[in-house]
Amino acid sequence: MKKKIFFPIIVPLILLLLVISPGTSIGAQNINLAAGFAGYKIIKVKPSEADSSVRKWDSVHVVYYDKTIKNNKVLLWLTGTNGSTDNIPLNFFKTALDQGYRIIALSFISTPGVSQVCVGNKLNENVTCAAEFRRKRIYGDNVFLSIPDEFQDAIIPRLTKLLQYLSRNDKEGFWSQYLNQSTGKPIWSKIAIAGQSQGGGMAEFIAQHESVARVISFSGGWDYSNSTTKEIAGWYYQKFITQPENVFATYHVEEAAAAQLDEICLALHIPRENVFALDQPLLKQNKGRNPYHTEGIRNPVYKLIWLKMLGSGR
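Residues numbered from 1 in each chain as written. Predicted model: local features only at pLDDT ≥ 70, side-chain atom pairs only at ≥ 80, totals over all residues. Heavy atoms only, no water.

Peer 1: So what about the packing of helix 5 (residues 129-138) against helix 7 (residues 198-207)? Which residues, and what values?
Peer 2: Helix packing geometry: the angle between the two helix axes and the distance between the axes. Between helix 5 and helix 7, whose axes approach to 10 Å, the crossing angle comes to 90 degrees. With respect to their mutual orientation, helix 5 and helix 7 come out roughly perpendicular. For the pair helix 5 and helix 7, the contacting residues are A131, F133, R134, R135, R137 and I138 in the first and Q198, G201, M202, F205 and I206 in the second. Residues of the contact of helix 5 with helix 7, tallied by class, amount to six nonpolar, two polar and three charged. (Axes fitted to C-alpha atoms, helices over the stretch in contact; angles between N-to-C directions. Helix = DSSP H or I, 4+ residues; strand = E, 2+ residues; numbered from the N terminus. Parallel < 35°, antiparallel > 145°, perpendicular 65-115°, else oblique. Contact = heavy atoms within 4.5 Å. Nonpolar A, V, L, I, M, F, W, Y, C, P; charged D, E, K, R; others polar.)

So this is what it looks like as structure tokens:
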């Protein structure tokens, strides 16, 4: 049974949007406190500053954390298609910070999305198109010519370079605790991943290959293996390395792909108590062809669900 959640509409907490001038970083000693995140340290780092081989999609990574908490978990935020770190889910971020997490909003190539590439004849001729796409955008270690992403553009290489950069340049953050000192790779047991749409699908894919602390997928994308029959992609049936009880997913019952998203949750074997079929009214400011698609991450009426999915970041 799908889990429907009923909450009274609550007045959302109004947070002031963080504004930081483009191109600044730790190196420039430009560390700001946004009005909505008073007391938290906020750092901007361009991907090319963390990795000189980066040549495109150089919008900033943004890091948020409480300097008084030394051994908490990182919440890695992965945006949806066409998204960037300039447009973050403020209420959800504030909730995660209050739960003790530190947050990395990672800048990575977010366009085109799987649903724009693995379609039509391309999908019918290559049933593993979606898995190959996601592997390329996450790890950058396979050949997939349908997107121009290079190794240094991939999610995990960018995260690794950022953690290495922070370890060198922000000593009070103790960022080396998130890196394996012998391999230089992330320590996934200290990293949770949350993502919207394309980013939610990336979080689920990573959880099948790495044992992460937690996964929170908000309407996490719908990949197919056939363009005509709309069968969901085969990669969804692979087992998680991450403990399934630490994987959470939401979707809104009114969004366009609600049925497919529920089918995907079943294929992934996400525990049904961790799947939330949301059904509260639409936020007035949400518009477009599929307005319910971002409700789970944007609407503060779902804060109690966020708290359950996040757990403690300490």
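Peer 1: Explain unusual backbone geometry to me, and be specific about the residues and the numbers.
Peer 2: Between T111 and P112 the backbone carries a cis peptide bond, its omega angle lying at 0 degrees. Tracing the backbone shows P112 in the loop between strand 5 (102-105) and helix 3 (114-117). The phi dihedral of F174 falls on the positive side, at around 50 degrees, and the residue is not glycine. Along the polypeptide, F174 turns up in the loop between helix 6 (155-169) and strand 6 (191-196). Backbone geometry places S219, a non-glycine residue, at a positive phi of 50 degrees. The topology assignment puts S219 in the loop between strand 7 (214-218) and strand 8 (247-252).

Peer 1: Let's hear about the state of the cysteines: which residues, and what values?
Peer 2: Across all of its chains, the model carries one disulfide by this definition. Residue pairing for C118: its cysteine sulfur links by disulfide to C129, the two sulfurs lying 2.1 Å apart. Every disulfide takes its handedness from the sign of the S-S torsion; for C118 and C129 that torsion is -75 degrees, giving left-handed. With C118 in the loop between helix 3 and helix 4 (120-125) and C129 in helix 5, this residue pair connects regions lying eleven residues apart in the sequence. (Disulfide = S-S within 2.5 Å.)

Peer 1: Give a detailed account of the side chain of K136, specifying residues and quantitative values.
Peer 2: You can see K136 is positioned in helix 5. D141 provides the closest opposite charge to the buried, salt-bridge-free K136, at an N-O distance of 7.6 Å. A distance of 3.0 Å separates a polar side-chain atom of K136 from the backbone oxygen of N142. Contacts of K136, omitting those with residues within four sequence positions, involve N142, F144, I147, D149 and A154. (Buried < 20%, exposed > 50% of the residue type's maximum accessible area, 1.4 Å probe, protein only. Lys, Arg positive; Asp, Glu negative; His and termini not counted. Salt bridge = Lys/Arg side-chain N within 4 Å of Asp/Glu carboxyl O. Polar contact = N/O pair within 3.5 Å; in protein donor to acceptor, adjacent residues only side chain to side chain.)

Peer 1: Help me get a handle on the pattern of salt bridges, residues and values and all.
Peer 2: Following the criterion strictly, the structure yields eleven salt bridges and no others. Between E150 and R55 there is a salt bridge, with the nearest N and O atoms lying 2.6 Å from each other. Taken as a pair, E150 in the loop between helix 5 and helix 6 and R55 in the loop between helix 1 (47-50) and strand 3 (61-65) lie far apart in primary sequence, 95 residues in all. Judged by relative accessible area, which is 28%, E150 ranks as partly exposed. Judged by its relative accessible area of 60%, R55 is exposed. One continuous salt-bridge network, built from bridges that share partners, spans K41, D170 and E172.

Peer 1: Can you break down the packing of aromatic side chains residue by residue, with the values?
Peer 2: Within the structure shown, the criterion is met by eleven aromatic pairs. An angle of 50 degrees between the planes, with centres 5.7 Å apart, marks the rings of W175 and Y178 as tilted. Overall, the relative accessible area of 0% leaves Y178 in the buried class. Through pairs of rings, three or more aromatic residues link up here, namely F37, Y64, W77, F92, F93, F218 and W306. Sitting over the face of the ring of W175, R102 holds its NZ or CZ atom 4.5 Å from the ring centroid. (Phe/Tyr/Trp six-rings, centres within 6.5 Å; stacked < 30°, edge-to-face > 60°. Lys NZ or Arg CZ within 6 Å of the ring centre and 35° of its normal.)

Peer 1: Lay out the nonpolar core with the relevant residues and their values.
Peer 2: L78, I104 and W175 are the most contacted members of the largest nonpolar core, which has 61 residues in total. For this core, the element with the highest residue contribution is helix 6, accounting for seven residues. Not counting residues within four places of it along the chain, the set of residues in contact with L78 comprises L106, F108, I155, I193, A194, G195, Q196, G199, M202, A203 and I206. One finds L97, I297, I305 and M309 within the second-largest nonpolar core, a separate group that totals 32 residues. (Core = buried A, V, L, I, M, F, W, Y, C linked by side-chain atoms within 4.5 Å.)

Peer 1: Before we move on, could you go through the pairing of strand 5 and cite the residues and values that matter?
Peer 2: Residues R102 and I104 line one face of strand 5 and the alternating positions I103 and A105 line the opposite face, and both faces are buried. Examined bridge by bridge, strand 3 and strand 5 share three bridges and lie antiparallel to one another. Each residue of the ladder has a partner; that of Y64, found in strand 5, is I103. Across four bridges, strand 4 (residues 74-78) lies against strand 5 in parallel orientation. The residue of strand 5 that forms the bridge with W77 is A105. (Pairing = 2+ DSSP bridges.)

Peer 1: Provide a residue-level description of the packing of helix 2 (residues 90-98) against helix 10 (residues 303-310), including the pertinent values.
Peer 2: Running from N to C, helix 2 and helix 10 cross one another at 45 degrees; their axes reach a closest spacing of 10 Å. For the element pair helix 2 / helix 10, the angle class is oblique. Seen from above, helix 2 lies across helix 10 with right-handed handedness. Residues N91, F92, T95 and A96 of helix 2 pack against K303, W306, L307 and L310 of helix 10. Grouping the amino acids of the contact of helix 2 with helix 10 by side-chain chemistry returns five nonpolar, two polar and one charged. (Left-handed = near helix turned anticlockwise from the far one by under 90°.)

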